[in-house]
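A structural walkthrough
What follows is each chain in one-letter form.
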Amino acid sequence: GTTRMPKMIERSYNDLSNQIKVISQNVKFRNDCINLCMLPIYVLFSLFSGITVVIDKKVSQTLIDKYKIDTIQAPLKKLLTVKSSISNIKNIYIGGAILYKKEAKHLQTIFPAATFTYVYGASEGVLIGQTTLNDYLKDIFSFSIIEGVNVSIDSPNEEGVGEIIIQGDFVLTK
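Think of each chain on its own: its residues are numbered from 1, step by step along the sequence as written. Per-residue local features of the predicted model are confined to residues with pLDDT of at least 70, and side-chain atom pairs are confined, for both listing and counting, to 80 or more; whole-chain, interface and lining totals are unaffected and use all residues. Note that the side-chain values use all heavy atoms of the structure and ignore hydrogens as well as water.

**Considerations on the overall build of the chain**
Spelled out, the test is: Put simply, DSSP marks the helices as runs of H or I at least four residues long and the strands as runs of E at least two long, and each gets a number from the N terminus on. Only protein chains enter the accessibility calculation, which uses a 1.4 Å probe; a residue whose area is less than 20% of its type maximum is buried, one above 50% is exposed, and one in between is partly exposed. Contacts between residues were defined by any pair of non-hydrogen atoms, one from each residue, lying within 4.5 Å. Using the Shrake-Rupley algorithm and a 1.4 Å probe, accessible areas are obtained, with residue cover drawn only from the displayed protein chains.
Counting its regular elements, the chain contains six helices and eleven strands. Considering the chain as a whole, with its 174 residues, one finds that 36% of them fall into the buried category. For the chain, the proportion of contacts with a sequence separation of at least 24, taken over those separated by at least 6, is 47%. Per element, the accessible surface of the chain, about 10600 Å² overall, is 54% carbon and sulfur.

This is the structure we're talking about:
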């Protein structure tokens, strides 16, 4: 996985299969999409799910037109570098970083026809919560927690700030 620097994420095949099952139950993908994937875990998920994958390091209109790409799974930072508007992308799946309101609005102008799904997880491929970009803009920094995951604040101060505790059978592996 990559969050700025490469890191190893050890996971058994069974754990990976369970994660794919949880993601598939909570995040809806069309089976007929052509998916531009920009991280190894996204490629793995898409291939396990039977989705056609194009692998590249950047988003470009030429690439999208050439392969008829209509879906993108990418790190937020990669999408924020896109300079011109791309109107033929229908679905975008992002996650793994804080998304600020200004950035969310920018993404809507760059990909005006896209429905965005923004996910939050403890590590690559470990789903905790999700939202759409439109819902996120209405209530910034809030996600719908997926079934089977419990989120709480341990020892909150007067303002409600404390350690976030996330528990569930599929949140983290050993």
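**Digging into helix H5 (residues 101-110)**
Threshold: Throughout, the arc means that of the directions going from the helix axis to the C-beta atoms.
For H5, the set of buried residues is Ala-104, Leu-107 and Ile-110. Taken around the axis of H5, the buried residues stretch over an arc of 120°, which confines them to a single face. Within H5, the exposed residues directed more than 90 degrees away from the buried face are Lys-102 and Thr-109. Lining the buried residues of H5 we find helix H4 (76-79), strand S6 (91-95), strand S7 (115-121) and helix H6 (133-138).

**A few points about the pairing of strand S3 (residues 34-37)**
Every other side chain in a regular strand lies on the same face of the sheet, so the side chains alternate between the two faces. Defined as follows: In this analysis, strands are considered paired if DSSP registers two or more bridges between them.
Neither face of S3 is left uncovered, since the one carrying Ile-34 and Leu-36 and the one carrying Asn-35 and Cys-37 both have all their residues buried. Direction of pairing for S3 relative to strand S4 (residues 52-55): parallel, over a ladder of four bridges. Its bridge partner being in S4, Ile-34 is matched across the sheet by Thr-52.

**With respect to the packing of helix H1 (residues 13-26) against helix H2 (residues 40-48)**
Where we set the bar: Every angle, taken between N-to-C directions, lies between 0 and 180 degrees, and every axis is a line fitted to C-alpha atoms, over only the stretch in contact when it is a helix. Working definition: roughly parallel below 35 degrees, roughly antiparallel above 145 degrees, roughly perpendicular at 65 to 115 degrees, and oblique for all remaining angles. Each residue gets one label: Ala, Val, Leu, Ile, Met, Phe, Trp, Tyr, Cys and Pro are nonpolar, Asp, Glu, Lys and Arg are charged, and the others, such as Gly, are polar.
In the contact formed by H1 and H2, the axes pass within 10 Å of each other and the chain directions differ by 75°. Here H1 lies roughly perpendicular to H2, going by the angle between them. On H2, the residues touching Tyr-13, Leu-16, Ile-20, Ile-23 and Ser-24 of H1 are Ile-41, Leu-44, Phe-45 and Phe-48. Class assignment of the residues belonging to the contact of H1 with H2 gives a composition of eight nonpolar, one polar and no charged.

**Topic: the sheet that holds strand S9 (residues 144-145)**
Spatially, seven strands are ordered S4-S3-S5-S6-S7-S8-S9 in an open sheet, and the strand pairing comes out mixed. Because the sheet does not close on itself, it has two edges, and the strands there are S4 and S9. The sheet contact formed by S6 and S7 spans five bridges and is parallel. Bridging across to S7, Tyr-93 finds its partner in Thr-117.

**Structural notes on a nonpolar patch on the surface**
Stated formally: Patch rule: a residue counts if its relative accessible area is over 30% and it has no salt bridge; like charges are joined within 9 Å, and nonpolar side chains (Val, Leu, Ile, Met, Phe, Trp, Tyr) within 5 Å. Whenever Lys or Arg places a side-chain nitrogen within 4 Å of a carboxyl oxygen from Asp or Glu, that contact is recorded as a salt bridge.
Taken together, Ile-98, Tyr-100, Ile-140 and Phe-141 make up a surface patch of nonpolar side chains, about 390 Å² in accessible area. As for its placement among the helices and strands, Ile-140 is situated in the loop between H6 and S9. A relative accessible area of 30% means that Ile-140 is categorised as partly exposed.

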